[in-house]
Amino acid sequence: MKIGITCYPTYGGSGALATELGLELARRGHEVHFITYASPFRLRGYAERVYFHEVETTMGRYPLFEHYPYTLALASKQHEVALRENLDLLHVHYAIPHATTAWLAKAMLQGEGRQIKVITTLHGTDITLVGQESSFYAITKFSIEQSDLVTAVSTYLRDETYRAFGCVSCDVKVIPNFVNLAEYHPDPEKRWEGLAPAGHRRIMHVSNFREVKRVKDVIRVFARIRRAMPATLAMVGDGPERPDAEAEAKELGVAEDVKFLGRLDSVATLLQGCELFLLPSTTESFGLAALEAMACGAVVVATRVGGIPEVIDDGANGILEPVGSVEAMGRRSVDLLRGPDNLAAMRAAAIERARQFSADKIVPMYEALYAEAIR
Ligand code: GMT
């Protein structure tokens, strides 16, 4: 099959998932065309049957356009690539604006007597936050309803889509996030040499440091662990909340043991050395970062929100607490780290749970969906 994929190419779970999906599909013999404004960050180097088509984001000085109409440029590129490469379908990730531009590209193709199917995957804040803003609500609802097929990454997100948009004519199918076990797997040899002193517990957080990630809570939980034992926290990523997190680390006296590493294209080797992964978000439709951490053998300490309980069983393969309960997250982290048997058992359970979301199990669900779409 020939598949066009549009996603956000920069740091973020939806772009990560879309790129991993494209790479898996290509390994399975499909031809994959990424259509977006930059090469997706997880697309590293050449991969067989994978192509990247760049969408322009600027043009020469044209005073009439104070803002470049990127969405029109994207729709034009989706149309152009679909026509030239004879694509069977466009699979867009994150509804805004990708589902809308795909609808436009499809309408243009139809005008030329060509058919293409549009599949939209909803990832999170396209439904829970941005899509519900008054400027975007109607067009998001319209674009979802006009898609040939719609998927959501968790049951929570599907139900939230029905609740918030009441999409009468759409049947949202749940296809959970998946993890590439060839890259994300345990490696007991990894111990963060050069990052954490010997004897330190290794704690980690990865995100785009937006408000929803509550990165100050990450620091607060870590400070409670640090008071109880030697430990290092690796903060991977960047975003608007980073200065606040840095200030919080200073304020709580743990700055020396908190390493802000910035954006990294690949976190697998760090995750392999990590013992606890902190994800205290306000909302999380699935928590791809948590799944990848579990696959590497880290215990995730997260909030009991959104789709996270669909991935983590509290007390069995991870720890869940209400939003903002840094005291409980800190206390349970310390208890776990002090009990080597419990920690080892929970790490093993996390690896086992992550295997249920392996690419081998989940990607065929997308392939079945594609077959259904073009039937
Ligand atoms: O909704 C977002 O915040 C954007 C999106 C992204 O691009 O980072 O993240 C979402 O998609 C991921 C992949 O499906 C999910 O694992 C994340 O839980 C989800 N983030 C939120 O719901 C906050």
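Residues numbered from 1 in each chain as written. Predicted model: local features only at pLDDT ≥ 70, side-chain atom pairs only at ≥ 80, totals over all residues. Heavy atoms only, no water.

A. Local environment of the overall build of the chain. From N to C terminus, the chain includes 13 helices and 13 strands. In terms of overall dimensions, the chain is globule-like: its C-alpha atoms have a radius of gyration of 21 Å, near the 21 Å expected for 375 residues. Along the three orthogonal principal directions, the C-alpha set of the chain runs to about 70 × 45 × 40 Å. Considering the chain as a whole, with its 375 residues, one finds that 56% of them fall into the buried category. For the chain, restricting intrachain contacts to residue pairs at least 6 apart in sequence, the fraction spanning at least 24 positions comes to 70%. On the chain, roughly 15,600 Å² of surface is accessible, and the fraction owed to carbon and sulfur atoms is 51%. (Helix = DSSP H or I, 4+ residues; strand = E, 2+ residues; numbered from the N terminus. Rg over C-alpha atoms; globule rule 2.2 N^0.38 Å. Buried < 20%, exposed > 50% of the residue type's maximum accessible area, 1.4 Å probe, protein only. Contact = heavy atoms within 4.5 Å. Areas by Shrake-Rupley, 256 points an atom, 1.4 Å probe, with all protein chains shown as cover.)

B. Quick look at a nonpolar patch on the surface. Residues Leu-72, Trp-103, Leu-104, Met-108, Phe-136, Ile-139 and Phe-142 make up a contiguous nonpolar surface patch of roughly 560 Å² in combined accessible area. Mapped onto the nonpolar patch, the elements with two or more residues apiece are helix H3 (95–111) and helix H5 (134–146). (Patch = residues over 30% accessible without salt bridge, like charges linked within 9 Å, V, L, I, M, F, W, Y side chains within 5 Å. Salt bridge = Lys/Arg side-chain N within 4 Å of Asp/Glu carboxyl O.)

C. Expanded view of the packing of aromatic side chains. Evaluated as defined, the whole model comprises five aromatic pairs. Taken together, a centroid distance of 5.7 Å and an interplanar angle of 85° make the contact between Tyr-37 and Tyr-70 edge-to-face. A residue pair is termed long-range when its members are at least 10 positions apart, and Tyr-37 in the loop between strand E2 (31–36) and strand E3 (50–54) and Tyr-70 in helix H2 (residues 70–85) qualify at 33 residues. The partly exposed category is assigned to Tyr-37, whose relative accessible area is 26%. (Phe/Tyr/Trp six-rings, centres within 6.5 Å; stacked < 30°, edge-to-face > 60°.)

D. The domain arrangement of the chain, seen in detail. When cut into domains, the chain gives domain 1 (2–177 + 358–374) and domain 2 (201–355). Taken over C-alpha atoms, the centre of domain 1 sits 30 Å from the centre of domain 2. Taken together, the 20 residues of domain 1 in the interface contact 21 residues of domain 2. Summed over both sides, the interface between domain 1 and domain 2 buries roughly 1,600 Å², with carbon and sulfur atoms accounting for 53% of that surface. Taken together, the connections running from domain 1 to domain 2 amount to one salt bridge. Taken together, the connections running from domain 1 to domain 2 amount to seven residue pairs in polar contact (both at pLDDT 80 or more). Elements with a minimum of two residues in the side of domain 1 that touches domain 2: helix H1 (13–27) and helix H6 (155–165). Considered class by class, the residues forming the side of domain 1 that touches domain 2 number eight nonpolar, nine polar and three charged. (Domains from an automatic or database assignment. Buried area = accessible area lost by both parts, 1.4 Å probe. Polar contact = N/O pair within 3.5 Å; in protein donor to acceptor, adjacent residues only side chain to side chain. Nonpolar A, V, L, I, M, F, W, Y, C, P; charged D, E, K, R; others polar.)

E. Quick look at the environment of Arg-338. By the secondary structure assignment, Arg-338 is in helix H11 (residues 326–338). Exposure remark for Arg-338: the relative accessible area of 55% places this residue in the exposed category. Between the C-alpha atom of Arg-338 and that of Ser-134, which follows or precedes it by 204 residues, the distance is 49 Å. Ignoring any residue separated from it by four or fewer positions in sequence, one finds Arg-338 in contact with Ala-228 and Met-229.

F. Layout of the pairing of strand E10 (residues 258–262). The alternating pattern of E10 places Val-258, Phe-260 and Gly-262 on a buried face, while none of Lys-259 and Leu-261, on the opposite face, is buried. Summarising the sheet, strand E9 (residues 231–236) and E10 pair through four bridges and their orientation is parallel. If you follow Leu-233 over to E10, its bridge partner there is Val-258. With helix H8 (residues 242–251) bridging E9 and the parallel E10, this β-α-β connection has right-handed handedness. (Pairing = 2+ DSSP bridges. Right-handed = clockwise from strand over helix to strand, strands pointing away.)

G. Local environment of the sheet that holds strand E13 (residues 318–321). The sheet built from six strands is open, its strands ordered E10-E9-E8-E11-E12-E13 with parallel pairing. Both edges of this open sheet fall to E10 and E13, since each of them pairs with a single strand only. The sheet shows a mean angle of 20° between the axes of neighbouring strands, taken without regard to direction. The strands that H11 touches are strand E8 (201–206), strand E11 (276–279), strand E12 (299–303) and E13; relative to E13, the one it contacts most, it runs at about 160°. Each of E8, E12 and E13 touches helix H12 (residues 340–355); the most contacted strand, E12, lies at about 80° to it. (Axes fitted to C-alpha atoms, helices over the stretch in contact; angles between N-to-C directions.)

H. Looking closely at the site of the ligand. Close to the ligand lie 16 residues, the nearest being Gly-13, Ser-14, His-123, Thr-125 and Arg-210. One of the backbone nitrogen or oxygen atoms of Phe-286 is found 3.1 Å away from an oxygen atom of the ligand. Burial of the ligand by the surrounding chains reaches 95%, relative to a free accessible area of 480 Å². Residue composition of the shell around the ligand, grouped by class: four nonpolar, 10 polar and two charged. (Near = heavy atom within 4 Å.)

I. Looking closely at the sheet that holds strand E6 (residues 149–152). Pairing is parallel across the open sheet formed by seven strands, whose spatial order is E3-E2-E1-E4-E5-E6-E7. Bordering the open sheet on either side are E3 and strand E7 (172–174), each of which pairs with just one other strand. Shown here is a sheet whose adjacent strand axes are inclined to one another by a mean of 25°, direction ignored. Sheet analysis places strand E4 (residues 89–93) next to strand E5 (residues 117–122), joined by five bridges and oriented parallel.

J. Examining helix H7 (residues 215–228) more closely. Compared with the 20 Å implied by 1.5 Å per residue over 14 residues, the 21 Å span of H7 between its first and last C-alpha is a close match. For H7, the elements touching its buried residues are E8, E9, H8, E10, E11 and H11. (Expected span 1.5 Å × (residues − 1).)

K. How the structure looks around helix H10 (residues 288–295). Of all eight residues that make up H10, seven are buried, and the element is covered over most of its length. What H10 keeps buried is the set Leu-288, Ala-290, Leu-291, Glu-292, Ala-293, Met-294 and Ala-295. Buried residues along H10 sit against H1, helix H9 (268–272), E11, E12 and H12. In the segment just after H10, Gly-297 is the residue with positive phi, at about 95°.

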